Amino acid sequence: MDTTQEINRLLDDVLSLGGRAASFTRATPLLGSVAELDSMAVVALITAIEEQFGIVIEDDDLDGHTFATVGSLSDFVTAKLAG
């Protein structure tokens, strides 16, 4: 499974989207577009990403762009995995 697919699965699980995330593409907007993605859900999603991918996400790593789209979130995780 690639990073984007895994991000979609985590979005679906953490946000309880009932399978809706299966249709998300890299261009799918997140913050401000997916009502379930509020500030508390962002924290839960970060925790799930850390656990799933075995990475640590520092507060300084995050900015508004990170959660702009599925693609930007996927690219962020890929960059963290690389190093």
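What you are looking at is a predicted structure, and each value in this text was computed from that prediction instead of being measured.

## As for the packing of helix α2 (residues 39-53) against helix α3 (residues 70-82)
- Two numbers describe how α2 lies on α3: the axes approach to 12 Å, and their chain directions differ by 40 degrees. The orientation of α2 relative to α3 falls into the category oblique. In this structure, α2 meets α3 at a crossing whose hand is right-handed. For the pair α2 and α3, the contacting residues are Leu45, Ile49 and Phe53 in the first and Leu73, Val77 and Leu81 in the second.
- Partitioning the contact of α2 with α3 into residue classes produces six nonpolar, no polar and no charged.

## Focus: the side chain of Thr66
- In this structure, Thr66 sits in the loop between α2 and α3.
- Not counting the four nearest positions on each side in its chain, Thr66 is found in contact with Asp61, Ser72, Leu73 and Phe76.

So, how was this worked out
- Residues numbered from 1 in each chain as written.
- Predicted model: local features only at pLDDT ≥ 70, side-chain atom pairs only at ≥ 80, totals over all residues.
- Heavy atoms only, no water.
- Axes fitted to C-alpha atoms, helices over the stretch in contact; angles between N-to-C directions.
- Helix = DSSP H or I, 4+ residues; strand = E, 2+ residues; numbered from the N terminus.
- Parallel < 35°, antiparallel > 145°, perpendicular 65-115°, else oblique.
- Left-handed = near helix turned anticlockwise from the far one by under 90°.
- Contact = heavy atoms within 4.5 Å.
- Nonpolar A, V, L, I, M, F, W, Y, C, P; charged D, E, K, R; others polar.

Such coordinate-based values are descriptive only and should not be taken to indicate function.
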